[in-house]
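As a plain string of letters, each chain reads:
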Amino acid sequence: MTYQEWKQSSGNKVIASSPFSEKIFDFIPESGRVLDLGSGDGRISQVIQKHGFETYGMDINPTAINLAKTQPDLVGIAFSVQDAKATTYEDAFFDAVIEQAVLACVEKSDRTTVLTEVHRILKSGGVFSIAEFGFEESLHERYEHDALLSGEYGTVVVKSDDGMKPFRSHHFRSEELDTLVQDAGFEIIQSTHPNFSTRSGHTHPGHQYIVRKV
Ligand SMILES: C[S@@+](CC[C@H](N)C(=O)[O-])C[C@H]1O[C@@H](n2cnc3c(N)ncnc32)[C@H](O)[C@@H]1O
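Before going into details, it helps to say that this report is about the structure given with it. (Residues numbered from 1 in each chain as written. Predicted model: local features only at pLDDT ≥ 70, side-chain atom pairs only at ≥ 80, totals over all residues.)

Section: the overall build of the protein chain
- Scanning the protein chain from terminus to terminus reveals 6 helices and 10 strands.
- Taking 17 Å as the expected radius of gyration for a compact globule of 214 residues, we find that the protein chain reaches 16 Å, a close match to that expectation.
- Dimensions of the protein chain along its principal axes, counting C-alpha atoms only, are 45 × 35 × 30 Å.
- In the protein chain, once contacts between residues fewer than 6 apart in sequence are set aside, the share between residues at least 24 apart is 66%. (Helix = DSSP H or I, 4+ residues; strand = E, 2+ residues; numbered from the N terminus. Rg over C-alpha atoms; globule rule 2.2 N^0.38 Å. Contact = placed C-beta atoms within 7 Å.)

What to know about unusual backbone geometry
- Here the phi dihedral of S31 falls at roughly 60°; this positive angle occurs in a residue that is not glycine.
- Relative to the assigned elements, S31 resides in the loop between α1 (3-8) and β1 (33-37).
- Phi angles above zero are rare outside glycine, and A92 is one such case at about 50°.
- You can see A92 is positioned in the loop between β3 (78-81) and β4 (94-100).

Observations concerning the site of the ligand
- Residues in contact with the ligand amount to 23 residues; listed here are only the nearest, A16, G38, G40, A84 and Q100.
- For the shell around the ligand, the elements supplying multiple residues, two or more each, are α1 and α2 (43-50).
- Looking at the shell around the ligand residue by residue, the classes come out as 13 nonpolar, 6 polar and 4 charged. (Near = placed C-beta within 6 Å. Nonpolar A, V, L, I, M, F, W, Y, C, P; charged D, E, K, R; others polar.)

Overview of the packing of helix α4 (residues 111-121) against helix α6 (residues 174-183)
- Direction vectors running N to C along α4 and α6 enclose 50°, while the axes themselves pass 9 Å from each other. By the angle between their axes, α4 is oblique relative to α6. Crossing of α4 over α6 shows right-handed handedness. Counted together, R111, T112 and L115 of α4 and L180, V181 and D183 of α6 form the full contact between these two elements.
- Among the residues making up the contact of α4 with α6, the classes are represented as 3 nonpolar, 1 polar and 2 charged. (Axes fitted to C-alpha atoms, helices over the stretch in contact; angles between N-to-C directions. Parallel < 35°, antiparallel > 145°, perpendicular 65-115°, else oblique. Left-handed = near helix turned anticlockwise from the far one by under 90°.)

Focus on α2
- Considered for burial, the residues of α2 that qualify are I44, S45, I48 and Q49. An end-on view of α2 places all buried positions within 140° of arc, on one side of the element.
- Where α2 is buried, its residues meet β1, β2 (54-59), α3 (62-69) and β4.
- Just downstream of α2 lies G52, where phi reads positive at about 90°. (Buried ≥ 20, exposed ≤ 12 C-beta atoms within 10 Å, placed from the backbone. Arc of directions from axis to C-beta.)

See the structure below:
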């Protein structure tokens, strides 16, 4: 899915199933300032706020952000419409940034830009939590087929069942994520590779990383 399509998609149809690991909370100071990057309609922002952190959420999709802003459960969270490639936050503003399946939607050529932006807005020593779906060898034929549309092997084009436009989702190899985060100036503190459940109930390899700005 292109940025334009994410902007146009309906907020109450944000597709989000990557499991959130609360391990990141052990690395954030009490009452720390935390950003939910690509928050959609606030699924993860709500968990962050419940843990007592000063919570921010941003997404390129205005419909999703407007929906988040009207939810009684999400009052007090600073939501805004922004592009993760270039946000308006000050340098070293956050103690932690959390992203769940957002890099997957970002085109290959822009992934380093997004990670460099996360690095900029994190405090020195600040932490970044990443959850992404993993590469699955058995999907070889689908990867080949969908690459004709997405331009990248390992990226699937997901057709929604609710009328939303098809969107792209990249499945990362762990080495690919390692290189991306390290090249952007992060040190990997933890990386685990649990199975995730998809919306359709299937099991799929996943990655959960906690990295630190060095
Ligand atoms: C799969 S959804 C995940 C939503 C949320 N992180 C969750 O797990 O509930 C991916 C989200 O990334 C957002 N997104 C995609 N590209 C973005 C960008 N360049 N800047 C900000 N958000 C973006 C989409 O609008 C969408 O809400």
